[in-house]
Amino acid sequence: MENSSKTVTPMSFHVQLTEGIVGGFKPPTIRRVIEIDGDQNGGFVAHSTLQGRDQYKVQNGEVSSQELNALVSDLRSTLSFLPTEFPHGGEDIYGYDTSIHIQTEDGFEWRNGGPEGCTQHESTTRATEAHKALFKELISKIIGVGERFAIKSA
C-alpha cells in the first residue's frame, strides 16, 4: 500500500544558490553557484566554484527523485514563511552573502538578494536570528546536494 502523505516533487523546478551576491563600488564576486533542475523523475545538478580570477571549476551530476523530494519539500516549507528584503536587492538581510532562488511549475517562487552595485537601500524587512538560522540550514542542504552529486567535471 502506498503512503498517500508522501510529499511529491512538483512537475518541474529550478533551484539556484549563489554565494557572493553583495557588491559595493565593485560588482559582487560570485564564489559558488549551484543549480538544480528536476522533476518527479530526478534531476541534474551543476556546481561551479571560483578557482581563481574569473576561473570556475564546474562539475555536474544526476540526483535521484528521492533526494530531490526531500530538498524541495524542505525549501518550500521553510522559505514560504521566511522574509525577503524590500526593496528587492537592496540589502542582504540574512548576512551570509548568499542568495537562494526556487521556482516551481505550480507557481511557487522565492528569492532573496543583496546589493549589487553602488546603490544600496536599507530593507524595510528584517530577518530574525531564528530566520537566519533556518536560512543557513537551507544553504547547507543545497551545498550538500551540490557536493554529493555534482562529481563529474564538465
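For clarity, every value in this text was computed on a predicted model and none was experimentally measured.

About the criteria used
Residues numbered from 1 in each chain as written. Predicted model: local features only at pLDDT ≥ 70, side-chain atom pairs only at ≥ 80, totals over all residues. Heavy atoms only, no water. Pairing = 2+ DSSP bridges. Helix = DSSP H or I, 4+ residues; strand = E, 2+ residues; numbered from the N terminus. Contact = heavy atoms within 4.5 Å. Axes fitted to C-alpha atoms, helices over the stretch in contact; angles between N-to-C directions. pLDDT = per-residue confidence, 0-100. Core = buried A, V, L, I, M, F, W, Y, C linked by side-chain atoms within 4.5 Å. Buried < 20%, exposed > 50% of the residue type's maximum accessible area, 1.4 Å probe, protein only.

S.K.: Requested: an account of the sheet that holds strand β7 (residues 152-153), with residues and values cited.
M.R.: A sheet is described by the order of its strands in space; here seven strands give the open sequence β6-β5-β1-β2-β3-β4-β7, paired in antiparallel fashion. Among the strands making up the open sheet, the edge pair consists of β6 (109-111) and β7. Where strand β2 (residues 32-39) meets strand β3 (residues 42-52), eight bridges bridge the pair, whose relative direction is antiparallel. Opposite Val33, over in β3, you have Ser48 as the bridge partner. Sheet strands in contact with helix α1 (residues 65-79) are β1 (12-19), β2, β3, β4 (55-63), β5 (98-104) and β6, and its direction is about 105 degrees off that of β5. Where helix α2 (residues 129-149) meets the sheet, its contacts fall on β1, β2, β3, β4, β5 and β6, and the angle it forms with β2 comes to roughly 80 degrees.

S.K.: Which residues make up the confidence of the model for the protein, and what are the values?
M.R.: When pLDDT is averaged across the protein, the result is 89; 90% of the residues are at 70 or more. Across the protein, element-level confidence peaks in α2 with a mean pLDDT of 98 and bottoms out in β7 with 92. Under a pLDDT of 50 for its full length, residues 1-6 has, in the predicted model, zero contacts with residues more than four places off or in other chains.

S.K.: Break down the nonpolar core for me, citing the residues and quoting the values.
M.R.: Judged by nonpolar contacts, the single largest core of 27 residues is most densely connected at Ile36, Leu75, Leu79, Ile100, Ile102, Trp110 and Ile142. Breaking this core down by element, the ones donating at least two residues are β1, β2, α1, β5 and α2. For this core, the element with the most residues is α2, which contributes six residues. Setting aside residues up to four positions removed in sequence, Ile100 forms contacts with Gln16, Leu17, Leu79, Trp110, Arg111, Asn112, Phe135, Leu138, Ile139 and Ile142.

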